[in-house]
Amino acid sequence: LVAMVGTVLETPAPWREGLRFAFRVETLNGEDLTVQPKVEVFLPTLGTYHYGQRLALRGRLFGAELRAGSVWARERIAGGLLVQGLPTEYGKGRVSPVGRLVTTAQRKLLAVGVATLPPRAATILHGMLLGRREPGLSALTFERVGVAHLLSVSGLHLTFWLGLFWGLGKAMRLPDRVLGVLAVPAVVLFLLIAGGGAPALRAGIMGLLALFGDLTQRRTHRPLHLAVAAVIIMLLRPLEVFAFGFWLSFAACVGLLVIYPRLEQAWAAYPLFTKGRPFFLSLAAQLMVAPLVAGVYGGFSLVAPLANLILVPLAGLAVQIGLVAALGGLVYLPLARLLNAGNAVIIDGFWQLTVFLASWPGYLRFPPWPWLTVGASYGVIFLLTWGLMVNPVTKKRRLPLFYILLILAL
């Protein structure tokens, strides 16, 4: 049993019947520490704790072998502390003023949702808005229909964020150039509130590069944005290369920025493709994600392209209304109650549809694929994508017998 005094380093998240949070250890068993490690605190009881608060804790330390890919290794967390008894408050600790401001804003936004939405709707909205995995939110249901990315703050959430920002700007009749300049701090604010995870960082960097190209009127290439984002993330947080979310985020982007344009070039003349563009866009992203999911979890969802087509717009609407309600609720809570009364209906419809699609027999489960199989799958995908293209000289497919090979691959 150890006693420690230190500072809370993040907004506490739910854990079982209590809370969990990162904690900087400053004093251990009465001795001041020169090197102050981080531990993850598991508190069995609820309480009101926040970023920057100084606490005295008693409990038992535990740990695990720190693999390079583990969350603790990536976040530089030395171990865990299972608390016994109640913490004692010691005022405020030394933390970043920006961090204190951001976490205060997070806490207030979450408080508005809790006060104005039913518990399940608030849990789902906070999961999609801030990526909070609360105990009442079944991530398995989202995974079965291929929309687990809605619970990981990424480029899709930045699109929701900027879509709301741009829509409000247009309603105020602001010029595009002014909106482009104002969008830069909006993206930075998104990154601060969403945290520094690889998917959010990738989305923020690509968004800033795209805005820079628009403001300077220079032609930029989206695949190049993706490559630059990968380099910057590897420089800032090199251990992210071991994170599944890092590869999942970049694989989905490759599907959207590399695979889909080839599909469009090859099949744009077919009426079926032109009418079903959103479906094929979703299909391209899911095609790149599926081998990774099969390699890590074993199994993937065949209904994912259809589910994304239906659920993502609903989620976007719910997140945007929820964000407006949360911001409005900071000023006038009855406004948030009015907006979230309608939003609760949308969120409930979203959840019922998710549960309904999860009940379909479209989820394939099997032992996780060997990584050689995953690599071979990507080889086949890129070969068939290249084979879609037409040779400009012969006017024939670059890959002979393309459709027969496609059928064999399927």
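Every chain's residues receive numbers from 1 upward, in the order its sequence appears when written. Owing to the predicted nature of the model, reporting of local features is limited to residues with pLDDT of at least 70; listing and counting of side-chain atom pairs is limited to 80 or more, with chain, interface and lining totals taken over all residues. Where side-chain values are given, they derive from all heavy atoms of the structure, hydrogens and water being excluded.

Participant: Requested: an account of the overall build of the chain, with residues and values cited.
Facilitator: Strands are runs of DSSP state E lasting at least 2 residues, helices are runs of H or I lasting at least 4, and numbering of each runs from the N terminus. For the chain, the helix and strand inventory stands at 15 helices and ten strands. Using C-alpha atoms as the atom set, the radius of gyration is obtained and then compared with a globule rule of 2.2 Å times the number of residues to the power 0.38. In summary, the chain has a C-alpha radius of gyration of 23 Å against a globular reference of 22 Å for 410 residues, a match within 12%. Its C-alpha atoms put the chain at 80 × 55 × 45 Å along the principal axes. Note on exposure labels: buried denotes an accessible area under 20% of the residue type's maximum, exposed denotes more than 50%, and partly exposed covers the range between, all computed with a 1.4 Å probe on protein chains only. Taken over 410 residues, the chain has a buried fraction of 45%. Within the chain, residue pairs in contact and separated by at least 24 positions form 66% of the contacts whose partners lie at least 6 positions apart. Residue exposure ignores everything except the shown protein chains as possible cover, and the areas themselves are Shrake-Rupley values with a 1.4 Å probe. Summed over all atoms, the accessible surface of the chain reaches about 21,600 Å², with 67% contributed by carbon and sulfur. We call two residues in contact whenever any of their non-hydrogen atoms come within 4.5 Å of each other.

Participant: Residues and numbers for a nonpolar patch on the surface, please.
Facilitator: Without a salt bridge and with relative accessible area above 30%, a residue can belong to a patch; like charges are then joined within 9 Å and nonpolar side chains (Val, Leu, Ile, Met, Phe, Trp, Tyr) within 5 Å. For this analysis, a salt bridge means a side-chain nitrogen from Lys or Arg found within 4 Å of a carboxyl oxygen belonging to Asp or Glu. A surface patch of nonpolar side chains, amounting to about 530 Å² of accessible area, comprises Phe279, Leu283, Leu306, Leu309, Ile310, Phe356 and Trp360. Sorting the residues of the nonpolar patch by element identifies α11 (277–296) and α12 (304–331) as the ones contributing at least two each. By relative accessible area, which is 33% here, isoleucine 310 ends up partly exposed.

Participant: Account for the environment of isoleucine 404, naming residues and giving values.
Facilitator: Assignment of secondary structure puts isoleucine 404 in helix α15 (residues 402–409). Linking isoleucine 404 and proline 261, residues 143 residues apart in sequence, is a C-alpha distance of 22 Å.

Participant: Before we move on, could you go through the pattern of salt bridges and cite the residues and values that matter?
Facilitator: For the structure shown, the criterion picks out eight salt bridges. One salt bridge in this structure joins arginine 54 and glutamate 26, with 2.9 Å as the shortest N-O distance. One end of the pair, arginine 54, is in strand β6 (residues 53–62); the other, glutamate 26, is in strand β3 (residues 18–28), and 28 residues separate them in sequence. Judged by its relative accessible area of 8%, glutamate 26 falls in the buried class. In this structure, arginine 237 engages glutamate 75 in a salt bridge whose closest nitrogen and oxygen atoms are separated by 2.8 Å. Of this pair, arginine 237 sits in the loop between α8 (222–236) and α9 (244–267) while glutamate 75 sits in the loop between α1 (71–74) and β7 (77–83), and the two are 162 residues apart along the sequence. By sharing partners, the salt bridges in this structure join Arg74, Glu75, Arg237 and Glu240 into a single network.

Participant: Lay out the nonpolar core with the relevant residues and their values.
Facilitator: Ranked by size, the top nonpolar core spans 76 residues in total, and within it Met128, Val145 and Phe350 carry the most contacts. For this core, the element with the most residues is α9, which contributes eleven residues. Excluding residues within four positions of it along the chain, phenylalanine 350 makes contact with Ile124, Met128, Phe142, Leu150, Leu311, Leu314 and Ala315. The next biggest cluster of nonpolar side chains, apart from the first, holds 15 residues, and it includes Val8, Leu19, Val41 and Leu81. Nonpolar core, defined: a set of buried Ala, Val, Leu, Ile, Met, Phe, Trp, Tyr and Cys residues in which side-chain atoms within 4.5 Å join the residues together.

Participant: Give me the lowdown on the environment of proline 368, citing residues and values where you can.
Facilitator: Take proline 368: it is sitting in the loop between β10 (363–364) and α14 (371–388). Relative accessible area serves as the criterion here: at 46%, proline 368 is assigned to the partly exposed category. Along the sequence, proline 368 and tyrosine 297 sit 71 residues apart, while their C-alpha atoms lie 5.8 Å from each other. Excluding residues within four positions of it along the chain, proline 368 makes contact with Ala294, Gly295, Val296, Tyr297 and Gly298.

Participant: Outline the packing of aromatic side chains, supporting the account with residue identities and numerical values.
Facilitator: The aromatic pairing rule takes the rings of Phe, Tyr and Trp, using the six-membered ring of Trp, and pairs them if the centres are within 6.5 Å, calling planes under 30 degrees apart stacked, those over 60 edge-to-face and the rest tilted. Going through the model one piece at a time under the given rule, you end up with 15 aromatic pairs. Ring centres of phenylalanine 165 and tryptophan 166 lie 6.5 Å apart, and the angle between their planes is 65 degrees; this geometry places the pair in the edge-to-face category. According to the relative accessible area criterion, phenylalanine 165 is partly exposed, its value standing at 22%. With a relative accessible area of 29%, tryptophan 166 lands in the partly exposed category. Between phenylalanine 366 and tryptophan 369, the ring centres sit 5.6 Å apart and the planes meet at 15 degrees, which makes this aromatic pair stacked. Since its relative accessible area comes to 22%, phenylalanine 366 is described here as partly exposed.

Participant: Can you explain the pairing of β7? Please cite residues and give values.
Facilitator: Counting buried positions over the seven residues of β7 gives five, a clear majority of the element. If DSSP finds at least two bridges between two strands, the strands pair. Bridge count between strand β5 (residues 38–43) and β7: five bridges; the pairing is parallel. Among the inter-strand pairings, lysine 38 is bridged to a residue of β7, identified as isoleucine 77. In terms of strand pairing, β6 meets β7 through four bridges, oriented antiparallel. Directly across from glycine 59, in β7, lies its bridge partner valine 83.

Participant: Which residues make up helix α5 (residues 155–171), and what values go with them?
Facilitator: Each residue after the first adds 1.5 Å to the expected span of a helix. For α5, built from 17 residues, the straight-helix expectation of 24 Å at 1.5 Å per residue is met to within 8% by its first-to-last C-alpha distance of 24 Å. For α5, every residue scored as buried is listed here: Gly155, His157, Leu158, Phe160, Trp161, Leu162, Leu164 and Gly169. One or two positions beyond α5, positive phi appears at arginine 173, with a value near 60 degrees.

Participant: Outline the packing of α11 against α14, listing residues and values.
Facilitator: For helices, the axis comes from a line fit to the C-alpha atoms of the stretch in contact; other axes are also lines fit to C-alpha atoms, and the angle between any two N-to-C directions lies between 0 and 180 degrees. Where α11 contacts α14, the axes come no closer than 9 Å and their chain directions differ by 170 degrees. Comparing the axis directions of α11 and α14 gives the class roughly antiparallel. On the side of α11, the interface is formed by Leu287, Met288, Val289, Pro291, Leu292, Gly295 and Val296, while α14 contributes Trp371, Val374, Ser377, Tyr378, Ile381 and Phe382. Looking at the contact of α11 with α14 residue by residue, the classes come out as eleven nonpolar, two polar and no charged. Here roughly perpendicular refers to angles of 65 to 115 degrees, roughly parallel to angles under 35, roughly antiparallel to angles over 145, and oblique to all remaining angles. Under the grouping applied here, Gly and all other residues not named as nonpolar or charged are polar, the nonpolar ones being Ala, Val, Leu, Ile, Met, Phe, Trp, Tyr, Cys and Pro and the charged ones Asp, Glu, Lys and Arg.

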